Amino acid sequence: MTSFLHPGAQRPGGSNSNSPPPSQQHPPHPNYGNPNALADNLQSMNLNRPNYAAPRASPFGQPPPPISSAAPSPGHWAGSQPVARPGPSPLSMITRPMGGPPSRAPPGAFIGRPMGPAGSHPPPPSSLQSSVANHVGPSPRFPVSTGGSATMPTATGVGALPFATGMVSSTPLGATQAGPVSVGPPVASGPRFGPQVGVPPPTVTSSASAPSQVPTMPPFISGPPRTAMQTAPSFSSQPQPAMVPLPGSSFVAQPWQMRPGQIDQPPPGPGAVQPPRMYALPNQSMTSISHGMAPTGASSGGPSKIDPNQIPRPIPNSTVILHETRQGDQANPPPPATSDYIARDTGNCSPRYMRCTINQIPCTADLLATSGMQLALLVQPLALPHPSEAPIQVVDFGESGPVRCSRCKGYINPFMRFIDQGRKFICNLCGFTDETPRDYHCNLGPDGRRRDADGRPELCKGTVEFVASKEYMIREPMPAVYFFLIDVSMNAMQIGATAAACSAISQVISELPEGPRTLVGIATFDSAIHFYNLKRALQQPLMLIVPDIQDVYTPLQSDVIVPLSECRQHLELLLESIPTMFENNRIAESAFGAGIKAAFLAMKISGGKLLVFQSVLPSVGIGALSARDAEGRTNISAGEKETHKLLQPADKTLKTMAIEFAEYQVCVDVFLTTQSYIDIASISVVPQTTGGQVYYYQSFSALSDTAKLYNDLRWNITRPQGFEAVMRVRCSQGIQVQEYHGNFCKRIPTDIDLPAIDCDKAIMVSLKHDDKLPDGSEFAFQCALLYTTLYGQRRIRVTTLSLSVTSMLSSLFRVADLDAQFTCLLKQAAIGIPSTPLLQVREHAINTCINILLSYRKFCATVSSSGQLILPEALKLLPLYTLALLKSVGLQPDGKIDDRSIWVNFVSSISAPLAIPLVYPRMISVHDLKTNEDESMVPSSIPLSSEHLSDGGIYLLENGDDALIYVGAAVDSGILLQLFGASTVEEIPSQFVLQQYDNPLSKKLNEVVNEIRRQRCSYLRLRICKKGSPSGMLFFSQLVEDKNQGCMSYVEFLVHIHRQIQTRMS
Amino acid sequence: MSEMAVTDPEGMDGVRMTWNVWPRTKVETSKCVIPLAVSIAPIRPHQDIPTLPYAPLRCRCTAALNPFARVDFSAKHWMCPFCFNRNQFPPHYSQISETNLPGELYPQYTTVQYSLNPATLMQPQSMDGTSQNSHPPVFLFVLDTCMIEEELGYAKSALKQAIGLLPDNALVGFVSFGTQVQVHELGFSELSKVYVFRGSKEISKDRVMEQLDLAIPGRRAVGAVNLQKGATQNGFPGSHSGITRFLLPASECQYTLDSVLDELQRDQWPVAPGSRQSRCTGVALTVAAGLLGAFPQSSGARIVALVGGPCTEGPGTIVSKDLSDPVRSHKDLDKDAAPFFKKAVKFYEGLAKQLVNQGHVLDLFASALDQVGLAEMKVAVERTGGLVVLSESFGHSVFKDSFRRVFEDGEQSLGLCSNGTLEIVCTKDIKIQGVFGPCTSLEQKGAAVSDTVVGEGGTTAWNMCGLDKSTCLTVLFDLSLGDKTSTPGTVNPQLYLQFRTSFQNLEGQNMLRVTTVTRRWIDTAVSSEDLIQGFDQETAAVVMARMASFKMETEDGFDATRWLDRSLIRFCSQFGDYRKDDPASFTLNPSLSLFPQFMFNLRRSQFVQVFNNSPDETAYFRMLLNRENISNAAVMIQPSLISYSFNSLPQPALLDVASIAMDKILLLDSYFSIVIFHGMTIAQWRNMGYHNQPEYQAFGLLLLAPHEDARVIVKERFPVPRLVVCDQHGSQARFLLAKLNPSATHSNSHDMAAGSDVIFTDDVSLQVFIEHLQKLAVQS
């Protein structure tokens, strides 16, 4: 194969470079060159910008303070961590060893690629270490013990450790936090990944790990614009090798561990290949519930009988995990989605791109059914990699295109087996034997692999990107087209939404990719649609009004969408004048449907992104909607059963339109800046079908939401994304794709069409057996995404995941992926909400949970005292998450229709790392932020229970989308003054804008908030909650472990589940 | 005007009749062959017409007080000559006496004009502004953009010039169109703003107004609060104030409009190869009409459309976009092979109806080498009393000069007026069949309406949304069936006709003109001599031409030549002096003698011989034929020819090929074109530049004379005729030859005088025609 170049090699044409030339996917961000541009924007937005300017300028050689990612978290947590989880099985602390791998990482890194910052970064200053060391001290929090598998035999003991997980029976931690059981961080020198059983290092040893962690930092602080980014979660790319799309800033670090799930997995390490013995017992958690007391003790007795501090809770873990996707020729179960990990592609794709609910494949459908679990994939083909991960390599096969199986059209991957001296290969997907193309032939080595396997990314990597040849193009790859459509009706003007949108667009214009292939257009609408001809040499823009909103059309063939370079000035002028031009608009009507249709017609030739800013219920024109929530309210009394219909689209008009949009590769994103009912259920159909997204600014306030609007828009435009995409998942024989769920349009059964896809979008692929699989064999999933990059290259991203097949039920439980399982559960609930009565959805969620636990109890649990609730170790948080799910907005019957709709919509494309916080938010205390540290770390989270709140505290609770700041009733006025500039709680305005005051606490708070924003890739809406007010109620409703919203408390729920299991067992 | 006074056959009444004495009965009328018809120029200015500053007195039968009323001064009564009702004079006429007559009773003032205070007729709210400004003229310009750059440039500059000529208070609006219609909101200061309407979809007036955010008069738009802002601007009351966004006083919007025109580009929509540009004239006019619909009914407004090609998009389409389909010809129309024609006509009829309802005018200026669909659009122009000019380019003087004249003030002004209504009252037994000309029937039934309907009929009142001082209507009369001869001799020997025309002049004043004419009844059974004396040959020829045109348009398979021949033969048998079967004995009374020649030329004219012209041209010619006065219409039928030579003063020449001579210059006026034709010798001399030499000054003057005369004609005429200057044997000479009687053709040219010319034709010459006529007329 002459045309092939080694992936590592530089091609003059630059199509396969995985190395610095940044042109490929994500060329240097325009803004990068001008750090102040962003800064200025931010300034004007009144954001909080710690250190914004500095890091931007030079990624390297920066002083470390801006370290904001997870890296510092070890420092922060160093002390508490081991203490916090003394319970975990001896193995559990494996995350600790994090210290080890990174030390190796920088130099060797993964492929010896010029990784830029990673390698070249100077060691962090010692100050950091010391700070880490300083905080090693035990923290009184996190007494929950989990992990170990040994149970407390004395389940009846009231005060005695009712919850125990892990192998080693843990002692109650209330007293001894530094639980000696704690696996703690392995001593740096020790066998890094070896089982740590029986080596209870003192907590303090974690300090020992600190030095070893140091090397891990470089990759993290490498993201130069880190802090700047977080203020404006722009996540713009940096001058990194092309492969790392948005390295530093955009990486979502998860400084807190959701669960100690990985505990039962040895960390990726050379030798540690999941010693079977570890699973003899460890993968279960137990809680003892006294049989008799359960019913009564539920309400009040909980705390007394079951120590709430002992029940399974997500354990924050802020260390970075190094994950190798395959070890010892076997798939390595991935770390939790929410954890901070660096994946190394050793054959399987990184779990960021594809995650299976169970990391082994049950050989029969019966086995799967018995387990109660579901088999599904979560695919996020363009997910943001960790900045330290090796970029995805681009392979160019020239005109012939990538090698594919001639029968199933599967793409070449590491699991295709070459035979017959390499002349043939057996497809791992369909089993067909294909001829090797002559110029792709290579002899096999003694190990049966091709000799060139390690040099060819497509033969050794789970994720590669192929340059698409002509046959993958129906037309020239489309240009990047951005069309902005702004509601200027009376309401939109009055609430300031139009002005906010215009200012956001105006600022974002400079972030659009440069070059002649970037086209923009703009239109406004009320009861008519106003286009603007921006291509006018002599004069101001020309406004073209399309008044016919029943049957719309585009007012110009060309010139409505023009190259950005030709119209920049006009555009800026126009955006400036739109708010004044419509200032006195008295037209209350809004023709949303007609507007998008007209814009679509203008974009039809090219396709592209249509960004709509809508502020009121679309009341006229095509697809007009009615305020059916009012009708709904009256109906609620009539029949509860019908309410879910309000969560369905009002009619098919918008759906039909959306399908047409998708056909012409137009993706619609909708920004709903509204103060009233807007019927998201109907509107969201359009983004959902076209691969777009709905942004909802409930009770829009120009004061507090303008910044978010801008940042959302900015991220929407700058995040890694592709256009005119088609995706298909292929499976090995025996299992087939049953359905896809997500934001896309499906016209033929096998493929899904995505007018646009971005790094945040995940697609759930449910699977079903249609045959028995041979035990012990390898089973592969392959997701192929054909798309066009922002810069007009056609690419095929191929993601392959190969898992082994098992016939053992216990294996399934052992390798179950909680995050994926729960994400699927969540998505299924969301799918069910609009179509089935809420009660059924809730029951289904509970039943799924119970069935899984029942199955485990029945078939796998080793200890079977009926008084004990035994949970599989991997899934021990399932009850908590299920409870949280029941309490989430979407499943609450009394929620506002739009709130529930947006929840359903949000969930439809949510990725696993964000799914968990959505239902189980993170809460941190703010009043006691440690200001003497210089890292912008997010402090450890607090369980979502009111018991953990104090009246004198201020707490921040965030779910990845929204954030609430709760101010207790008796907060020290000094702290109030520092944080809010107000001396009493009452003085804090309810239209809250976080400001930075000149004091360490305030700075720290801003840093933390910005760090969270960065992690979530979302500019959180901050709302202030005061005790006793409705906002305070809102806050308390988020405390899912409490008894609230007509639902049980966590303890009660566990009791409930336990009883259910017991009932079914007998 | 002074000229007119000298040789004005129409007099101050502006009335001409085919017969100036009327037979008594229907039977006798039909024997006259030529119908009873009156041509009236309703607002033709005349120096002697008095203007009275009050409203007329009306009889119960609606007739206005006139000199023919019998007045009883002592009893203060007057008796209506139409219905013989007795009417009491109102108190303010109490001063009346034989020596103190109001103007309308002076016997010589058969035509008087009343100037009506707007306040007496208008709704009270118009009192707010001064009466002068209460109704400024409104011009909505509609410009085609599917043209080549050069043409568009001409059109734009013509528009700019026109806007500069408008009075400051005139309201101006602008609509451009191509594939789509763009309504320019001139009152929007922030940036240029246009409303875009799709060209392919028919749109109702209400939709247009709704989509332009215009309140519909008499109906408050919901939520249209913003429209009220502009209320009372420009003297327009609130109900239609939204319109002020689109129509601004010329003084305010001239700059805006200029820049809009500067920026205006050709239609940018792509045109597939082998296709016509997509041009939605129909929708553009609908939208323009809809926009003006926001005005109250009584405000005169004109849509001035500049069209550069056929409508190919949406309603009103006249031809497909495929260039391989030619625009329909007369032949296609005859064979019913014009698939778009009927639909388009129907569409434009609807448009006409809407415009008439609103009282608005459509003026059409079409400039294209090919047809633009005038044949279809004719109805909308004609019914609204609009102007029409057809030329081959917007750069051509036919367009340029005509267009300028529309807006020019002063002596040459067209005297555009609006909101005209014509009402006719006539003596009992006289029935009105209908009207030819630029007007629409108001469907006002009455005793005077004939069962037979010709043209715009079935009514005693007509609407003329637009009219000017040369507008002329032809009313066809009939007599009631009843045999009145039996009635005793008490019958009045005179018949009366009263034409009342109310209109609004350019200054916005409401005027009413009343013309009362009387003619004598005669009993033709007794003597046809009187009848013949009262015959107006010119008028008769023109009426015949108008009737023939009308019949050709409305009657399937109508053979105009045959109908004209038969009529003429019947006419000659009826009125000629001859001995039966002796052609040589045939003579015609001098007052009839020119008629056959008119008929001969009519037979050969573009009105009858349509196959030499496109349907558009035919429609154009016919529209002008119907709206011009008799003298001009007669020129269209039978051009005038003047000969210039050294030996004599300019003198009329026979319209015959024999008039051509090498040493003469001929000036042909065929109304639509004026041809200056230089004989061969003259042309040679001129080419040698003799006229520049002082000693040949006389020659120079000779050369100038026809140009001077042509200039005078051109100046008077609208549309401006096409001026052709040509030499004998030159290619352009065909414009002259086509009109001449082919007395010398290639078949009989052997005995020709040197220097004369021949016409290559198989047409019969006048001589042959007359011979045949005589033969047939005398046949028993």
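This is a predicted model, so every value here is computed, not measured.

*Asks:* Residues and numbers for the overall build of chain A, please.
*Replies:* The helix and strand inventory of chain A stands at 33 helices and 33 strands. Burial status across chain A gives 68% buried among its 1066 residues. Surface exposure of chain A reaches about 32,400 Å², of which carbon and sulfur atoms provide 55%.

*Asks:* A description of the packing of aromatic side chains should follow, citing residues and the corresponding values.
*Replies:* Residue and element names in this part refer to chain A. Applying the stated criterion across every chain, the model contains 55 aromatic pairs over all chains. Plain terms: the ring middles of Y966 and F1036 are 5.2 Å apart, the flat faces sit at 75° to each other, and that makes the pair edge-to-face. Of this pair, Y966 sits in strand 32 (residues 962-967) while F1036 sits in helix 32 (residues 1030-1037), and the two are 70 residues apart along the sequence. What makes Y966 buried here is its relative accessible area of 1%.

*Asks:* Could you give me a rundown of the pairing of strand 16 (residues 518-525) of chain A, with the residues and numbers involved?
*Replies:* Residues and elements named next belong to chain A. Summarising burial for strand 16: eight of the eight residues are buried, a large majority. Neither face of strand 16 is open: one carries T518, V520, I522 and T524, the other L519, G521, A523 and F525, and all of them are buried. Inspection of the sheet shows strand 15 (residues 480-487) paired to strand 16 by eight bridges, in the parallel sense. Across the sheet, residue F483 finds its bridge partner in strand 16, namely G521. With three bridges joining them, strand 16 and strand 19 (residues 561-563) adopt antiparallel strand pairing.

*Asks:* Could you give an account of the pattern of salt bridges, with specific residues and numbers?
*Replies:* Taken as a whole and assessed by the stated rule, the structure comprises 66 salt bridges over all chains. In this structure, the salt-bridge partner of R719(A) is D760(A), at a minimum N-O distance of 2.8 Å. Within this pair, whereas R719(A) is found in the loop between helix 23 (702-718) and strand 23 (721-731), its partner D760(A) is found in the loop between strand 25 (752-758) and strand 26 (763-769), the two being separated by 41 residues in sequence. For the pair R719(A) and D760(A), one class covers both residues: buried. A cluster of three or more residues bridged by salt bridges with shared partners is formed by D548(A), D551(A), R198(B), K201(B), R207(B) and E210(B).

*Asks:* Explain the interface of chain A and chain B to me, using residue names and the numbers behind them.
*Replies:* Many structure descriptions define interface size as the accessible area lost when the parts assemble. Listed as interface residues are 26 residues of chain A and, on the opposing side, 24 residues of chain B. In total, about 2,400 Å² of surface goes out of reach between chain A and chain B, with carbon and sulfur atoms giving 53% of it. Of all residues in chain A, I545(A), Y553(A) and Q557(A) give up the largest surface area on contact with chain B, accounting jointly for 22% of the area buried on that side. Where chain A meets chain B, there are four salt bridges. Across the pair D548(A) and K201(B) runs a salt bridge whose closest N-O atoms are separated by 2.9 Å. Summed over the shared surface of chain A and chain B, the result is 13 residue pairs in polar contact (both at pLDDT 80 or more). For the side of chain A that touches chain B, the elements supplying multiple residues, two or more each, are strand 18 (542-546) and helix 17 (564-581) of chain A. The leading source of residues in the side of chain A that touches chain B is strand 18 of chain A, at five residues. Classifying every residue of the side of chain A that touches chain B by side-chain character gives 15 nonpolar, six polar and five charged.

*Asks:* Give me unusual backbone geometry: which residues, what numbers.
*Replies:* Outside of glycine, negative phi angles account for most residues, and trans bonds account for most peptide bonds. Going from F718(B) to P719(B), the amide bond is cis rather than trans, its omega being -5°. Among the structural elements, P719(B) can be located in the loop between helix 19 (697-716) and strand 31 (722-727). Even without a glycine there, the phi angle at E724(A) is positive, about 30°. Checked against the element boundaries, E724(A) lands in strand 23. We note that K76(B) has phi near 55°; this positive angle belongs to a residue other than glycine. Within the secondary structure layout, K76(B) lies in the loop between strand 5 (70-72) and strand 6 (77-79). A relative accessible area of 24% places K76(B) in the partly exposed class.

*Asks:* So what about the confidence of the model for chain A? Which residues, and what values?
*Replies:* Residue and element names in this part refer to chain A. Model confidence for chain A is summarised by a mean pLDDT of 74, while 68% of its residues fall at 70 or above. Within the model, pLDDT remains below 50 along residues 1-282, and this stretch shows 735 contacts once partners closer than five positions in the same chain are excluded. Overall, residues 290-304 carries pLDDT values under 50, and its contacts beyond four positions in sequence, including any with other chains, amount to 17 contacts.

*Asks:* How would you summarise the UniProt feature "domain: Sec23/Sec24 helical" (unreviewed entry) in chain B if you had to cite specific residues and measurements?
*Replies:* In the UniProt entry, the feature "domain: Sec23/Sec24 helical" (unreviewed entry) is given for residues 536-633 of chain B. Strand forms 9% of residues 536-633 of chain B and helix 62%; the C-alpha atoms that close the span are 14 Å apart.

*Asks:* Any chance you could break down helix 7 (residues 281-292) of chain B for me, citing the residues and the numbers?
*Replies:* Between its terminal C-alpha atoms helix 7 of chain B stretches 17 Å, which fits the 16 Å expected from 12 residues at 1.5 Å a residue. The element helix 7 of chain B is extensively covered by neighbouring structure, given that 12 of its 12 residues are classed as buried.

*Asks:* Would you mind going over helix 18 (residues 592-603) of chain A in detail, with residue names and values included?
*Replies:* Between the first and last C-alpha of helix 18 of chain A there are 16 Å, a value that for 12 residues agrees with the 16 Å anticipated at 1.5 Å per step. The element helix 18 of chain A is extensively covered by neighbouring structure, given that 11 of its 12 residues are classed as buried.

*Asks:* Help me get a handle on the sheet that holds strand 24 (residues 735-741) of chain A, residues and values and all.
*Replies:* Residue and element names in this part refer to chain A. Spatially, 7-9-26-24 is the arrangement adopted by the four strands of the open sheet, whose pairing is antiparallel. In this open sheet, the two edge strands, each paired with only one partner strand, are strand 7 (354-356) and strand 24. Strand-to-strand twist of the sheet, defined as the mean angle between neighbouring strand axes without regard to direction, takes the value 25°. With six bridges connecting them, strand 24 and strand 26 associate as antiparallel partners. From the neighbouring strand, E739 faces strand 26, where its bridge partner is S766.

*Asks:* Provide a residue-level description of the nonpolar core, including the pertinent values.
*Replies:* Judged by nonpolar contacts, the single largest core of 376 residues is most densely connected at F781(A), W22(B), F141(B), F403(B), F477(B) and L497(B). Among the elements that line this core, the one with the most residues is helix 26 (residues 838-859) of chain A, at 10 residues. Filtering out sequence-adjacent residues up to four positions away, F141(B) remains in contact with L159(B), I163(B), L166(B), V172(B), G173(B), F174(B), V175(B), V304(B), F403(B) and F407(B).

About the thresholds
Residues numbered from 1 in each chain as written. Chains lettered and ligands numbered in written order. Predicted model: local features only at pLDDT ≥ 70, side-chain atom pairs only at ≥ 80, totals over all residues. Heavy atoms only, no water. Helix = DSSP H or I, 4+ residues; strand = E, 2+ residues; numbered from the N terminus. Buried < 20%, exposed > 50% of the residue type's maximum accessible area, 1.4 Å probe, protein only. Areas by Shrake-Rupley, 256 points an atom, 1.4 Å probe, with all protein chains shown as cover. Phe/Tyr/Trp six-rings, centres within 6.5 Å; stacked < 30°, edge-to-face > 60°. Pairing = 2+ DSSP bridges. Salt bridge = Lys/Arg side-chain N within 4 Å of Asp/Glu carboxyl O. Contact = heavy atoms within 4.5 Å. Buried area = accessible area lost by both parts, 1.4 Å probe. Polar contact = N/O pair within 3.5 Å; in protein donor to acceptor, adjacent residues only side chain to side chain. Nonpolar A, V, L, I, M, F, W, Y, C, P; charged D, E, K, R; others polar. pLDDT = per-residue confidence, 0-100. UniProt positions renumbered as here; feature names shortened; annotations may be inferred. Expected span 1.5 Å × (residues − 1). Axes fitted to C-alpha atoms, helices over the stretch in contact; angles between N-to-C directions. Core = buried A, V, L, I, M, F, W, Y, C linked by side-chain atoms within 4.5 Å.

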